[in-house]
Amino acid sequence: MRKLTWWTMAIVIGLAAGVPFAQQPEPTNPVQGNAQAIDQGQQLFRLSCASCHGLNAKGLRGPDLTTGQFVRGGSDSQLFRTVMQGIPGTDMPGAQFSDATPDQVWALIAYLRTLSGPASEEEARGNAQNGETLFWGKATCGQCHMVRGRGGRLGPDLSRIGVTRSRTALIKEIRTPSGSFTDGFWPVTVVSRDGRRIRGVRKNEDPFSLQIMDTNERIQSFDHSDLREVVREKSSLMPDYGADRLTDAELDDVIRYLRSL
Amino acid sequence: MRHTLARTAALCIVLACAMSIGHPGVQAQQRQDSGQWTTYSGDYNAQRHSSLTQITPANVGRLAVQWIFQSGVSGRFEATPLVVDGIMYLTGPDNYAWALDARTGRQIWRYRRQLPEGLNICCGRVNRGFAINGDRLYMTTLDAHLVALDARTGNVLFDVEIDDHKKSYTATVAPLIVKDKVIVGIAGAEYGIRGFIDAFDANTGKKAWRFWTVPEPGQPGGNTWSGDSWQRGGGSTWVTGAYDPSLNLVYWGTGNPAPDSFGDARLGDNLYTDAVVALDADTGTLRWHYQFTPHDVHDWDAVQVPILADITMNGAPRKVLMTANRNGFFYTLDRANGELLRARPFVRTTWAQEIGRDGKPILLEANRIGPEGTVTCPDVGGGTNWMSPSFNPATGLFYVTTREVCAKFYAFPQQFQPGHLYWGGAVEAIPGEPGYGALRAIDPVSGLVRWEFKYPRPSMGGTLSTASGLVFAGEEDGNVMAFDAASGKNLWRLQTGAGLRSGPMTFMHNGKQYIVVASGGAVIALALQDGR
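Definitions and limits used
- Residues numbered from 1 in each chain as written.
- Chains lettered and ligands numbered in written order.
- Predicted model: local features only at pLDDT ≥ 70, side-chain atom pairs only at ≥ 80, totals over all residues.
- Heavy atoms only, no water.
- Helix = DSSP H or I, 4+ residues; strand = E, 2+ residues; numbered from the N terminus.
- Rg over C-alpha atoms; globule rule 2.2 N^0.38 Å.
- Buried < 20%, exposed > 50% of the residue type's maximum accessible area, 1.4 Å probe, protein only.
- Contact = heavy atoms within 4.5 Å.
- Areas by Shrake-Rupley, 256 points an atom, 1.4 Å probe, with all protein chains shown as cover.
- Lys, Arg positive; Asp, Glu negative; His and termini not counted.
- Charge placed at Lys NZ, Arg CZ, Asp CG, Glu CD.
- Buried area = accessible area lost by both parts, 1.4 Å probe.
- Polar contact = N/O pair within 3.5 Å; in protein donor to acceptor, adjacent residues only side chain to side chain.
- Nonpolar A, V, L, I, M, F, W, Y, C, P; charged D, E, K, R; others polar.
- Disulfide = S-S within 2.5 Å.
- Pairing = 2+ DSSP bridges.
- Axes fitted to C-alpha atoms, helices over the stretch in contact; angles between N-to-C directions.
- Salt bridge = Lys/Arg side-chain N within 4 Å of Asp/Glu carboxyl O.
- Arc of directions from axis to C-beta.
- Core = buried A, V, L, I, M, F, W, Y, C linked by side-chain atoms within 4.5 Å.
- Domains from an automatic or database assignment.

## Topic: the overall build of chain B
Part 1 of the reasoning: When helices and strands are counted, chain B shows two helices and 38 strands.
Part 2 of the reasoning: Its C-alpha radius of gyration of 22 Å places chain B within 12% of the 24 Å reference for a compact globule of 532 residues.
Part 3 of the reasoning: Taken along the three principal axes of its C-alpha coordinates, chain B extends 65 × 50 × 45 Å.
Part 4 of the reasoning: The proportion of buried residues among the 532 residues of chain B is 66%.
Part 5 of the reasoning: In chain B, the share of contacts with a sequence separation of at least 24, taken over all contacts with a separation of at least 6, comes to 59%.
Part 6 of the reasoning: Total accessible area computed for chain B in this model is approximately 17900 Å², and 49% of it derives from carbon and sulfur atoms.
Part 7 of the reasoning: One finds the centroid of the 47 positive side-chain charges in chain B at a distance of 6 Å from the centroid of its 48 negative side-chain charges.

Below, the structure written as structure tokens:
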């Protein structure tokens, strides 16, 4: 079990040397369907992945991994690369974070495969075109969010959100955005010594300084010592979209639009 | 300059030879006063309190970078470097190790270990540093060996197995030299090892004694484990302990029971996990123990460095052992017999109401976990963790990096399989509640927090205290900082660009006091620019 097969080595060496992945023969999971490996994969998942993907892999800070669809590619070799290397520029860490060996990564993938039945595709609801119209019009989403280079900057870019979040997570984010916040978008109000208040989203902070984007999309940097207070807001800069602002049908449309991107 | 260095080295050999005749360990301890840093925690009492006073609250604002060593190795530093006679000895990820010119940061030699494939390592391919005895360095390895290196060349003098890495034993601890013995701990509880503390002959590498942290049936404490669960009961010992020469006792913290969360697999108190044990340094015989978290289900290892000090409590002088535990309580114990003198939470704790008069926690509902999940504070990382605290006898304060975080804990039944993670549970972060960190100064007499300095993120950096009244600390967002030891006022800081995980240390060389921290893959040496 623990011994590395030649092509696992090849991948690792290939990755290390920056060799284009496609030139390697496409490896498949050597422990696919192996009960012991699946069990080990579950243990590993609970230890290293559940904090972000949730205990049942239905998604917390990280996406739902049970839909059977993977944006980063769902083949064995693509999943292997995602878990081994992580996804640069996102919260998804590489195996260095969990200290997983290649064998353990295969065990994790064997486990992930058991979570998504082949027919687990969610039912298609809503109308993408209506969703697009709502997004850029009445619902004003585009004032704060970019999609493919167009739109506002205060909220996260949503070009890929439809594929990295589960439907349930998206509904929660839109109906009640204040439960938790995306990193880099925590709402703060900075109060200067002379009482001026500046609202924005927190880009970074250490014990001595704070970087924000204010509601006019200006990036500002402060020293804590120059401020009277930094108020950590409980509610998101994004308004709650209750049924009064966005009916269930409209919500389906917006989600369909985001999913179609 | 090469010339001076060579001469220093030559002198070092002469001294080292002279020293190895007597009790080298004690010699090593005495050297601290001469501005060296000769053991993991700076001294046997593990106070991480230096007698050096060149850098003061008045001039610390002029602290400047002297050199930066880029290791070029990926992974994080968790080691405290040693400095003896102008040479710095440092270990890094994957059992790399270096000797550097402490004045310039230039490499003298590098050691690299060939590690076998398929090691089971739960929590980082790290190492916490060397021990030194005369001209020998000792390091534990990820494949659970003890290696002795020649201090001038890095050549291997001996390489002995502590235990079988195929049974998921691994080692990251910095050894402790006591007289003619090298004392080491072990890791691997997440894979269901049976823990121990070992002593080896410093000259030959022969095993001198072993203390099992999980007793077998029939031994004292053996009845605190149901069935055969003791065989894989955990109780790792992965952070260096302290030593009291007058009592000849070694104090060492022990880790979590295995499986971490599914406590039903191991009914009972699970001695001696999550405890501090006091062992006879010559024989390894247990003199007393104090268990902080009986029957732990939260992975709250008690591997925090225990600090020894002589303080006054209720008008009487007491020889105490102090520790801020991962379970969120601060404890002051009598170190001669393990009697509990004080216990008080230093972070938010929801699992126990208080520590009772009998020394046992009075449990709350949030301590119970099952498949449906329970929110408990502190989280799995704990109120503090392995990062070193420090103690200043003049202020009487204990300085520790603390974490204010809660988490949702789950427990599930799990069959033990050798070589597989044996966790029996899971932990979920709480959405929207990332928590925060703080440097806190605790009075060990009352157990009360005297001052704090908040960090936006929970941090894992150690602290250092100096006799001039300074505390140095590092935090997760990259700052190394100096504080006034009495008031907690921040006096100096440097943004290093990577979270600080290991403990800062200090030494004196050629009339200049240095402060050293590791940040990311780099080691940074700081001093006053003009040496004064």
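Right, picking up where we left off after that structure.
## Quick look at the interface of chain A and chain B
Part 1 of the reasoning: Contacts between the two partners involve 27 residues from chain A, matched on the other side by 40 residues from chain B.
Part 2 of the reasoning: Counting the surface lost from both chain A and chain B, the interface buries some 2600 Å², and carbon and sulfur atoms represent 59% of this.
Part 3 of the reasoning: Viewed at the interface, chain B and chain A are joined by five residue pairs in polar contact (both at pLDDT 80 or more).
Part 4 of the reasoning: Elements that contribute at least two residues to the side of chain A that touches chain B include exactly α2 (35-48), α3 (50-53), α5 (95-98) and β4 (197-205) of chain A.
Part 5 of the reasoning: Here the side of chain A that touches chain B gets seven residues from one element, more than from any other, and that element is α2(A).
Part 6 of the reasoning: Per-class residue counts for the side of chain A that touches chain B are nine nonpolar, twelve polar and six charged.

## Focus on the state of the cysteines
Part 1 of the reasoning: Applying the stated criterion across every chain yields a total of two disulfides over all chains.
Part 2 of the reasoning: Paired through a disulfide, Cys122(B) and Cys123(B) show a sulfur-sulfur distance of 1.8 Å. Residues Cys122(B) and Cys123(B) are joined through a disulfide that is left-handed, its torsion about the S-S bond being -95°.
Part 3 of the reasoning: Using a relative accessible area of 24% as the deciding quantity, one classes Cys122(B) as partly exposed.
Part 4 of the reasoning: Between the sulfur atoms of Cys377(B) and its disulfide mate Cys406(B) the distance is 2.2 Å. Between Cys377(B) and Cys406(B) the sulfur-sulfur dihedral comes to about 95°; the bridge is accordingly right-handed. One end of the pair, Cys377(B), is in the loop between β25 (374-376) and β26 (390-392); the other, Cys406(B), is in the loop between β27 (397-404) and β28 (407-411), and 29 residues separate them in sequence. Per residue, the accessibility class of Cys377(B) equals that of Cys406(B), and both read buried.
Part 5 of the reasoning: Looking at chain B, its bonded cysteines, counted consecutively from the start of the sequence, adopt the pairing 1-2, 3-4.
Part 6 of the reasoning: With no disulfide of its own, Cys144(A) has Cys141(A) as its nearest cysteine by sulfur position, at a separation of 8.7 Å.

## Details of the sheet that holds strand β6 (residues 219-223) of chain A
All names here are of chain A.
Part 1 of the reasoning: Taken in spatial order, the five strands make up an open sheet running β6-β5-β4-β3-β7, and their pairing is antiparallel. Of all strands in the sheet, those with a lone pairing partner are β6 and β7 (227-232), marking the two edges. Along the sheet, successive strands turn relative to each other by an average axial angle of 40°, direction set aside.

## Some thoughts on the sheet that holds strand β8 (residues 136-140) of chain B
Residue and element names in this part refer to chain B.
Part 1 of the reasoning: Spatially, the four strands line up as an open sheet ordered β7-β8-β9-β10, and their pairing is antiparallel. A single partner strand is all that each edge strand has here, and the edge strands are β7 (131-133) and β10 (156-161). The sheet shows a mean angle of 20° between the axes of neighbouring strands, direction not considered.
Part 2 of the reasoning: Where β8 lies against strand β9 (residues 145-150), five bridges are found, and the strand directions are antiparallel. Pairing of Met139 across the sheet is with Val147, part of β9.

## Quick word on the pattern of salt bridges
Oppositely charged side chains can pair when the atoms bearing their charge come close.
Residues and elements named next belong to chain B.
Part 1 of the reasoning: The final tally for this structure, using the stated rule, is 37 salt bridges over all chains.
Part 2 of the reasoning: A salt bridge links Arg368 to Glu365, with the nearest nitrogen and oxygen atoms 3.2 Å apart.
Part 3 of the reasoning: Accessibility expressed as a relative area gives 59% for Arg368, which makes it exposed.
Part 4 of the reasoning: The residue Arg450 makes a salt bridge to Asp443 at a minimum N-O spacing of 3.0 Å.
Part 5 of the reasoning: Residue class for Arg450 comes out partly exposed when judged on its relative accessible area of 47%.
Part 6 of the reasoning: Among the charged side chains, a salt-bridge network with shared partners connects Asp163, Asp198, Lys207 and Arg210.

## Some thoughts on helix α7 (residues 128-136) of chain A
Along an α-helix, residues three or four apart share an orientation, since each turn contains 3.6 residues.
Residues and elements named next belong to chain A.
Part 1 of the reasoning: When α7 is considered as a whole, its buried residues turn out to be Gly131, Leu134 and Phe135. End-on, the buried residues of α7 take up no more than an arc of 100°, which puts them together on one face. Residues of α7 that are exposed and point over 90 degrees away from its buried face: Gln129 and Thr133.
Part 2 of the reasoning: The inward-facing, buried residues of α7 contact β1 (146-147) and α10 (248-260).
Part 3 of the reasoning: Structurally, the start of α7 carries an N-cap: the backbone nitrogen of Gln129 is 2.8 Å from a side-chain oxygen of Asn127.

## Digging into unusual backbone geometry
All names here are of chain B.
Part 1 of the reasoning: Along the chain, Leu271 connects to Tyr272 via a cis peptide bond; the corresponding omega equals -5°.
Part 2 of the reasoning: Here Tyr272 shows up in the loop between β16 (249-253) and β17 (275-280).
Part 3 of the reasoning: Residue Pro378 is reached from Cys377 by a cis peptide bond, and omega for that bond is 0°.
Part 4 of the reasoning: Take Pro378: it is sitting in the loop between β25 and β26.

## Some thoughts on the nonpolar core
Residue and element names in this part refer to chain B.
Part 1 of the reasoning: Counting residues in hydrophobic clusters, the biggest one holds 50 residues, and the most contacted among them are Leu63, Met88, Tyr89, Phe130, Phe472 and Val523.
Part 2 of the reasoning: In terms of residues, this core owes the most to one element, strand β38 (residues 522-528), which gives six residues.
Part 3 of the reasoning: Contact partners of Met88, with chain neighbours within four places excluded, come to Trp67, Pro81, Leu82, Val83, Trp98, Ala99, Leu100, Ala102, Phe507, Val516 and Val523.
Part 4 of the reasoning: Membership of the second largest hydrophobic core comes to 35 residues, among which are Ile162, Val178, Ile193 and Tyr272.

## Here we look at the domain arrangement of chain A
Residues and elements named next belong to chain A.
Part 1 of the reasoning: Examined at the domain level, chain A breaks down into domain 1 (6-113), domain 2 (122-180 + 238-260) and domain 3 (186-232).
Part 2 of the reasoning: Each side of the interface is counted separately: domain 1 has six residues, and domain 2 has five residues.
Part 3 of the reasoning: Of all residues in domain 1, Pro63, Val71 and Arg72 bury the most surface against domain 2, accounting for 63% of the area lost on that side.
Part 4 of the reasoning: Counting the contacts that link domain 1 with domain 2 gives zero salt bridges.
Part 5 of the reasoning: At the boundary of domain 1 and domain 2, one finds zero residue pairs in polar contact (both at pLDDT 80 or more).
Part 6 of the reasoning: When grouped by side-chain class, the residues that make up the side of domain 1 that touches domain 2 number two nonpolar, no polar and four charged.

## Overview of helix α4 (residues 76-85) of chain A
Residues and elements named next belong to chain A.
Part 1 of the reasoning: Within α4, seven of the ten residues are buried, which leaves the element mostly enclosed by the surrounding structure.
Part 2 of the reasoning: Of the positions making up α4, those classed as buried are Asp76, Ser77, Leu79, Phe80, Thr82, Val83 and Met84.
Part 3 of the reasoning: Once α4 ends, the next one or two residues include Gly86, with phi positive near 75°.

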